[in-house]
Amino acid sequence: MIVGSKSTFAIESGITRAYERVSFRALGFFVLHIGGQNYGVRATDASMLACSLTEIEARIVRRNTHVAPFATGIEGSRIADAVRKALYAPNQEEERFFGISGREFSDLIYSKNILWAPDGDEAFDDGSHVLHIDFGDQVRLIGFRCSEGYHYDPKTLTDIWLPAADFYRVLHQWRNAFLTEWQKTQKTPEEEAP
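Just so it is clear, the structure is predicted and the values come from calculations on it, not from any experiment.

Further remarks concern helix H1 (residues 50-61). For H1, spanning 12 residues, the distance from its first C-alpha to its last is 17 Å, which sits close to the expected 16 Å at 1.5 Å a residue. Taken together, the buried residues of H1 touch strand E2 (9-19), strand E3 (26-34), strand E5 (47-48), strand E8 (115-117), strand E9 (128-135) and helix H4 (164-184).

Okay, here's the thing in structure tokens:
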């Protein structure tokens, strides 16, 4: 199932096996399409989809709170590089990123839920990272995949702006379509869940 446009922003998912247990929901895959690039593992057993659903629902509830004041005039490549270094490289607490310390920068990324992927689930085990930043009636999405060390692969970088109404509409539509698909799919009994 794909909701949205792959050339701008879309969410693609597939259910391989549905579960009665709501904390699992389903085994399958969850992929984000941003500016013609895809982020996430597209395999029948990539992830349990409850985590992806929960994250979509949380992003809907937190609309207009994913704010990063530094990001308006900064190139996506610089933001991707800063996120990789601040969050993953050792001893970055005292490094400066866009006028703030590494610790403050990391805290901002996490407290404002800027980092959408990876989300702690196996859906993004391909090294994908997606940043979501709200700017009033606009949303900025920056996607990239990691390369060696604490850098990203420049060939995988996408940086798009789209109307917030369009972005959040895709989130709502995917959530509703996913829940409908899950409800209609025959469920694996609780005792057979992984």
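Alright, that's what it looks like, and here's the rest.
Our next topic: the nonpolar core. Phe-9, Ile-11, Phe-30, Trp-116, Leu-141, Phe-167 and Leu-171 are the most contacted members of the largest nonpolar core, which has 32 residues in total. For this core, the secondary-structure elements that each account for two or more residues are E2, E3, H1, E8, strand E10 (138-145), strand E11 (158-163) and H4. No other element matches the 9 residues that H4 contributes to this core. Within the second largest apolar cluster, 22 residues are counted, among which are Phe-70, Ala-71, Phe-144 and Tyr-152.

Quick look at the environment of Phe-144 now. Here Phe-144 shows up in strand E10. Distance in space between the C-alpha atoms of Phe-144 and Ile-34 is 9.8 Å, their sequence separation being 110 residues. Excluding residues that lie within four positions of it along the chain, Phe-144 makes contacts with Tyr-39, Ala-80, Arg-84, Gly-127, Ser-128, His-129, Leu-131, Tyr-152, Thr-156 and Leu-157.

Below, the discussion takes up the environment of Leu-27. Summarising the element assignment, Leu-27 is placed in strand E3. Remark: the alpha-carbon pair of Leu-27 and Ser-47, spanning 20 residues in sequence, is separated by 5.8 Å.

On to the pattern of salt bridges. Within this structure, the stated rule accounts for 8 salt bridges. The residue Asp-159 makes a salt bridge to Arg-140 at a minimum N-O spacing of 2.7 Å. Residue Asp-159 is found in strand E11, and its partner Arg-140 is found in strand E10; the two are separated by 19 residues along the sequence. Given a relative accessible area of 3%, Arg-140 falls into the buried group. The network of salt bridges with common partners includes Glu-55, Arg-59 and Arg-62.

Conventions adopted
Residues numbered from 1 in each chain as written. Predicted model: local features only at pLDDT ≥ 70, side-chain atom pairs only at ≥ 80, totals over all residues. Heavy atoms only, no water. Helix = DSSP H or I, 4+ residues; strand = E, 2+ residues; numbered from the N terminus. Expected span 1.5 Å × (residues − 1). Contact = heavy atoms within 4.5 Å. Core = buried A, V, L, I, M, F, W, Y, C linked by side-chain atoms within 4.5 Å. Buried < 20%, exposed > 50% of the residue type's maximum accessible area, 1.4 Å probe, protein only. Salt bridge = Lys/Arg side-chain N within 4 Å of Asp/Glu carboxyl O.

So, to be careful, I would describe these as geometric facts and stop short of saying anything about function.
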